[in-house]
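Here is what each chain is made of, one letter per residue.
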Amino acid sequence: MFSPGLDGVTAFRTTIAEPDRQGGKLRYRGVDVTELAGRVNYRAVWSLLVTGDFRYSWPESRPLKLQARTGNIRVDAQANVALLGAELGLAPVIDTEERDVLDSLARVTGYLHSFIAQAARGDAPAVPQKEISAGESAAARFMIEWQGDPDPLHVEAVENYWITAAEHGANASTFTSRVITSTGADVSAAISGAIGALSGPLHGGAPSRALDMVDAVMRTGDAEGHVRDVLDRGGRLMGFGHPVYRAEDPRARILRDTAERLRVPKFEAALAVEKAALAELQNRKPDRVLATNVDFWAAVVLDYAEIPPELLTPLFACARAAGWSAHVLEQTRDGKIFRPSAKYEGDTDVTAQAVPGWQAVQQ
Ligand code: ACO
């Protein structure tokens, strides 16, 4: 059997999370994510996902400065997380007690947040560690390390986004983290590899395009006309439809509520775009469920928190570090190395002389 992209292939068993396609629900360890957002913080969600218990006590870590600094925030995050293997002296998971793997995952998550904040801060003087440590949540510490004195409502917006984006079952970056872990490698190798997999534009999609529609409607006030115009030109409405859910994306619901609670100035325009888009999609594709997806309301919430476009993917990595950590730990228990097979479709029995360039390389 061969399935391009492994579509439909079950590659591992998990008790962490898997989206419920028909019902439009996302559950972390069985708990509906709508119960969590706004009621617990990101670290509690990390703890739930990784350990199945809210009460994991986070280990102390000494602050680390960025060693590799290129100006590209995602690249710096990936490179500096890879360096943690040497910096912290992390042993391969195959040689490590489970409790130590868990603590390493917590440290690596904390350092990932700090590296991204430092990279985003650029050349501005570093914020004193005492001020960062005073932050009451992971998102608060991240925002303080990045901005110095963040707006508490922006912190709340980021924390809610992190909770909704913390885990989404089997996907390219999570699978990458499991494949690397299955070789017995250390956790920094697994998490930096996952960041690399997340960086491609096909993973998740950038919310920035959804925001363009909201901005256009803020200018013209004509949501129906704008939506019709995009569709008449053969375009897609960004932030609608989903490759997995055949109902509303539950994360869209949470972030819509967040936007309303935070009194986001673009809320009314976004609501008008959503209403017009859903009506027009239903009109044009009556047989298909094309509902709002996470990118639409994430765009609105992250725009409110003044997250610049270059920080969108790194921010997604900050959130998803929870899911990756949970899968790395689960994979260490599984112990089986991933070794899929490939269908060879190339030539056989080719002589070396028949290959172009043979004459040039003979010694
Ligand atoms: N706007 C307009 N038409 C759409 C949209 C949309 N957002 N989504 C689907 N359709 C149409 C398609 O053109 C297609 O029409 P056709 O049958 O005449 O060709 C029909 O609905 C079915 O589309 P599919 O591509 O089969 O839908 P699928 O479920 O495979 O695709 C996808 C899902 C790629 C997300 C799609 O809905 C889309 O392009 N959405 C806009 C981009 C977007 O929001 N991406 C973020 C996704 S969320 C995430 O990945 C975390």
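Treat the numbers as computed from the prediction; the structure is a model and nothing was measured.

Sorry if this is basic, but what is going on with the site of the ligand here?
Taken together, 18 residues form the shell around the ligand, and within it Leu237, Gly239, Phe240, Lys285 and Arg288 come nearest. In this structure, a nitrogen atom belonging to the ligand sits 2.8 Å away from a main-chain N or O atom of Leu237. A distance of 2.8 Å is found between an oxygen atom of the ligand and a backbone nitrogen or oxygen belonging to Gly239. For the shell around the ligand, the residue count by class is 8 nonpolar, 5 polar and 5 charged.

Explanation requested: the packing of helix 6 (residues 152-164) against helix 13 (residues 294-304) in the structure shown.
For any two helices packed against each other, the geometry is given by the interaxial angle and the distance between the axes. Following both chains from N to C, one finds helix 6 and helix 13 inclined at 150°, their axes separated by 8 Å at the closest point. One element, helix 6, and the other, helix 13, form an angle in the roughly antiparallel class. For the element pair helix 6 and helix 13, the recorded crossing hand is left-handed. Note on element contacts: helix 13 touches helix 6 through Ala298, Val301, Leu302 and Tyr304, opposite Leu153, His154, Ala157 and Tyr161. Residue composition of the contact of helix 6 with helix 13, grouped by class: 7 nonpolar, 1 polar and no charged.

Mind showing me how you'd approach the side chain of Ser188 here?
Considering the arrangement of structural elements, one finds Ser188 in helix 8 (residues 187-198). Only 3.1 Å separates the side chain of Ser188 from the backbone nitrogen of Gly85, close enough to count as a polar contact. Looking at Ser188, its side chain comes within polar contact range of the side chain of Asp186, at 2.7 Å.

Whenever I open this one, the packing of aromatic side chains confuses me. Can you help?
Both the distance between ring centres and the angle between the ring planes are used here to describe each pair of aromatic rings. Scanning all chains against the criterion turns up 11 aromatic pairs. Their ring planes at 85° and their centres at 5.3 Å tell us that Phe296 and Trp297 sit as a pair that is edge-to-face. Owing to a relative accessible area of 0%, Trp297 belongs among the buried residues under this scheme. Seen from the ring of Phe12, Arg178 lies directly overhead, with NZ or CZ sitting 4.0 Å from the centre.

Quick question: what am I supposed to make of unusual backbone geometry here?
Leaving glycine aside, a negative phi is the common case for residues, and trans is the common case for peptide bonds. The phi torsion at Leu6 lies on the positive side, around 60°, for a residue other than glycine. Residue classification places Leu6 among the partly exposed residues on the basis of a relative accessible area of 40%. In this structure, Asp349 is a non-glycine residue whose phi angle is positive, near 55°. The topology assignment puts Asp349 in the loop between helix 14 (312-334) and helix 15 (358-361).

What exactly am I supposed to notice about the nonpolar core here?
A general trend in soluble globular proteins is that nonpolar side chains are found buried together. Counting residues in each nonpolar core, the largest one holds 103 residues, and the members touching the most others are Tyr28, Trp46 and Trp162. The dominant element in this core, judged by the number of residues it contributes, is helix 14, at 12 residues. Residues contacting Tyr28, with those up to four places away along its chain left out, are Ile16, Ala17, Val33, Leu36, Val45, Leu48, Leu49, Ile163, Thr164, Ala165, Ala166 and Glu167.

Explain the pattern of salt bridges here, please?
Proximity of charged atoms lets side chains of opposite charge pair with each other. Taken as a whole and judged by the stated rule, the model has 18 salt bridges. Between Arg99 and Asp103 there is a salt bridge, and its shortest N-O distance comes to 3.5 Å. Placement of the pair is Arg99 and Asp103 together in helix 3 (residues 98-121), with a separation of 4 residues, close to one helical turn. Note on Arg99: relative accessible area 47%, which makes it partly exposed. Among the ionic pairs, Lys266 bridges to Asp215, the shortest N-O distance being 2.8 Å. Here the residue Lys266 occupies a position in the loop between helix 11 (250-261) and helix 12 (267-284), and Asp215 occupies one in helix 9 (residues 208-220), the gap between them amounting to 51 residues. For Lys266, a relative accessible area of 17% puts it in the buried group. Residue Asp215 is classed as partly exposed on the basis of its relative accessible area of 22%. The network of salt bridges with common partners includes Glu248, Arg253, Arg256 and Glu274.

How should the packing of helix 3 against helix 5 (residues 138-147) be read in this particular structure?
Between helix 3 and helix 5, whose axes approach to 7 Å, the crossing angle comes to 25°. When the axis of helix 3 is compared with that of helix 5, the two are roughly parallel. The crossing of helix 3 and helix 5 is right-handed. Together, His113, Ser114, Ile116, Ala117, Gln118, Ala120 and Arg121 of helix 3 and Ala138, Phe142, Glu145, Trp146 and Gln147 of helix 5 make up the contact between the two elements.

Cut-off values and rules
- Residues numbered from 1 in each chain as written.
- Predicted model: local features only at pLDDT ≥ 70, side-chain atom pairs only at ≥ 80, totals over all residues.
- Heavy atoms only, no water.
- Near = heavy atom within 4 Å.
- Polar contact = N/O pair within 3.5 Å; in protein donor to acceptor, adjacent residues only side chain to side chain.
- Nonpolar A, V, L, I, M, F, W, Y, C, P; charged D, E, K, R; others polar.
- Axes fitted to C-alpha atoms, helices over the stretch in contact; angles between N-to-C directions.
- Helix = DSSP H or I, 4+ residues; strand = E, 2+ residues; numbered from the N terminus.
- Parallel < 35°, antiparallel > 145°, perpendicular 65-115°, else oblique.
- Left-handed = near helix turned anticlockwise from the far one by under 90°.
- Contact = heavy atoms within 4.5 Å.
- Phe/Tyr/Trp six-rings, centres within 6.5 Å; stacked < 30°, edge-to-face > 60°.
- Buried < 20%, exposed > 50% of the residue type's maximum accessible area, 1.4 Å probe, protein only.
- Lys NZ or Arg CZ within 6 Å of the ring centre and 35° of its normal.
- Core = buried A, V, L, I, M, F, W, Y, C linked by side-chain atoms within 4.5 Å.
- Salt bridge = Lys/Arg side-chain N within 4 Å of Asp/Glu carboxyl O.

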